[in-house]
Amino acid sequence: MAGHTIPAAAVTLLTAAVGVAEDLEIGSIAILMVAVFSGQLVVGWTNDLIDRERDRQVGRTDKPLASGDLSPTTAVVAVGVAGVVCVVASLACGLAAAAVHLVLGIGSALAYNAGLKSTYLSWLPYFVAFGSLPVVVTLTADPTYLPPVWMIAVSGLLGVGAHLLNVMPDLDDDAATGITGLPHRLGARRIPGVAAGLLIGATAIAVVANSQVMWLWIGLGVVVVIALTTMRRSGRAPFYGAIAIAGVDVTMLLLT
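Residues numbered from 1 in each chain as written. Predicted model: local features only at pLDDT ≥ 70, side-chain atom pairs only at ≥ 80, totals over all residues. Heavy atoms only, no water.

Turning next to the overall build of the protein chain. A tally of helices and strands in the protein chain yields twelve helices and zero strands. The N-to-C order of helical and strand elements in the protein chain reads α-α-α-α-α-α-α-α-α-α-α-α. The C-alpha radius of gyration of the protein chain comes to 18 Å, within 12% of the 18 Å expected for a compact globule of 256 residues. Across its three principal axes, the protein chain shows a C-alpha extent of roughly 55 × 40 × 25 Å. Across the 256 residues of the protein chain, 48% fall into the buried class. Once local pairs closer than 6 in sequence are excluded, the contacts in the protein chain between residues at least 24 apart make up 71%. When the accessible surface of the protein chain is split by element, carbon and sulfur atoms take 69% of a total near 11500 Å². (Helix = DSSP H or I, 4+ residues; strand = E, 2+ residues; numbered from the N terminus. Rg over C-alpha atoms; globule rule 2.2 N^0.38 Å. Buried < 20%, exposed > 50% of the residue type's maximum accessible area, 1.4 Å probe, protein only. Contact = heavy atoms within 4.5 Å. Areas by Shrake-Rupley, 256 points an atom, 1.4 Å probe, with all protein chains shown as cover.)

See below:
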């Protein structure tokens with residue numbers, strides 16, 4: 001629970017799917033998955049370690065560090081172990097891929113945890129971290145090969161949309177403890193529309209960039225339906241809708 005396992009697993013599986021689309025060998029995909037998943041755990045655990053006092057103030061029973069079900073010492077040790085695994089696995093993907101993953105991916109996420117979450121730039125680490133994932137994949141395949149700009153933009157915009165929707169259920173708790181990132185400045189009324197625009201816009205970029213594949217417009221229609229049916233639901237449903245949209249986008253990439 002403290003590791004934010006569902007989002008971590010989703011990011012890992014989506015990255016692996018991009019690896020399949022880029023014709024990575026099975027062994028390389030497996031190492032890449034270890035690097036990404038361990039990195040995501042580091043990000044999740046450090047987030048809950050930093051926020052444990054704030055989470056305790058607002059009675060977050062879903063946060064083991066705040067409720068006392070998980071000791072900070074155990075979490076710190078877990079961060080250390082996962083951090084070593086992440087560095088080793090990233091280096092196994094190649095120096096270029098490791099540099100991008102560790103600096104742009106994990107580094108920007110840790111910057112969010114450390115303080116950017118409380119600023120209007122809270123979206124930036126998500127754009128950088130998610131936008132860097134296809135770069136990590138292609139550099140793993142070939143250290144001289146970068147993905148097309150449209151793929152980076154799509155991934156980054158999906159990350160920002162997911163950020164807005166992930167924070168939305170916690171707006172009141174965050175406000176009570178002084179967190180005022182971009183989602184808090186937008187407010188619960190505007191977040192669904194902005195997030196839907198980002199997610200649909202990201203998919204539209206992918207479709208236009210591959211406009212010779214006509215059936216991709218069907219995928220865009222599916223994304224619009226998912227956005228319209230999930231963005232204004234309560235709880236975590238909009239965030240899971242964002243994950244589903246990312247899944248549709250990666251599936252389209254796999255099939256083109």
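Time to look at the pattern of salt bridges. As enumerated under the stated definition, the model contains seven salt bridges in all. The salt bridge partner of D48 is K63, with a shortest N-O separation of 3.3 Å. Within this pair, whereas D48 is found in helix 2 (residues 26-57), its partner K63 is found in the loop between helix 2 and helix 3 (64-67), the two being separated by 15 residues in sequence. Under the relative-accessibility criterion, D48 is labelled buried at 1%. Its relative accessible area of 12% is what places K63 among the buried residues. For the salt bridge of D170 with R60, the shortest nitrogen-to-oxygen distance reads 3.5 Å. Linking D170 in the loop between helix 7 (149-167) and helix 8 (171-176) with R60 in the loop between helix 2 and helix 3, this pair joins segments that are 110 residues apart in sequence. Residue classification places R60 among the buried residues on the basis of a relative accessible area of 11%. (Salt bridge = Lys/Arg side-chain N within 4 Å of Asp/Glu carboxyl O.)

To continue, consider unusual backbone geometry. Residue H4 is not a glycine yet carries a positive backbone phi of 55°. Here H4 shows up in the segment before helix 1 (5-21). At D23, a position not held by glycine, the phi torsion is positive, near 65°. In this fold, D23 is placed in the loop between helix 1 and helix 2.

Running from N to C, helix 2 and helix 4 (residues 72-92) point in directions that differ by 150°, and their axes come no closer than 8 Å. As the angle between them shows, helix 2 and helix 4 are arranged roughly antiparallel. When the axes of helix 2 and helix 4 are compared, the crossing they make is left-handed. On helix 4, the residues that touch I31, V34, A35, S38, G39, V42, W45, T46, L49 and R52 of helix 2 are P72, A75, V76, A78, V79, A82, G83, V85, C86, A89, S90 and A92. (Axes fitted to C-alpha atoms, helices over the stretch in contact; angles between N-to-C directions. Parallel < 35°, antiparallel > 145°, perpendicular 65-115°, else oblique. Left-handed = near helix turned anticlockwise from the far one by under 90°.)

The next point concerns helix 10 (residues 191-209). Here helix 10 is 19 residues long and its end C-alpha atoms lie 27 Å apart, about the 27 Å a rise of 1.5 Å per residue gives. Every buried residue of helix 10 is accounted for by I191, P192, A195, A196, L199, A202, T203, A206 and V207. Angular distribution of buried residues about the axis of helix 10 spans 140°; they occupy a single face of the element. Considering only its buried residues, helix 10 is in contact with helix 7, helix 8, helix 9 (182-186), helix 11 (216-230) and helix 12 (237-255). (Expected span 1.5 Å × (residues − 1). Arc of directions from axis to C-beta.)

There is a patch of nonpolar side chains on the surface, built from V20, W215, I218, V222, L254 and L255 and spanning about 560 Å² of accessible area. Breaking the nonpolar patch down by element, the ones donating at least two residues are helix 11 and helix 12. For I218, the position within the fold is in helix 11. Overall, the relative accessible area of 60% leaves I218 in the exposed class. (Patch = residues over 30% accessible without salt bridge, like charges linked within 9 Å, V, L, I, M, F, W, Y side chains within 5 Å.)

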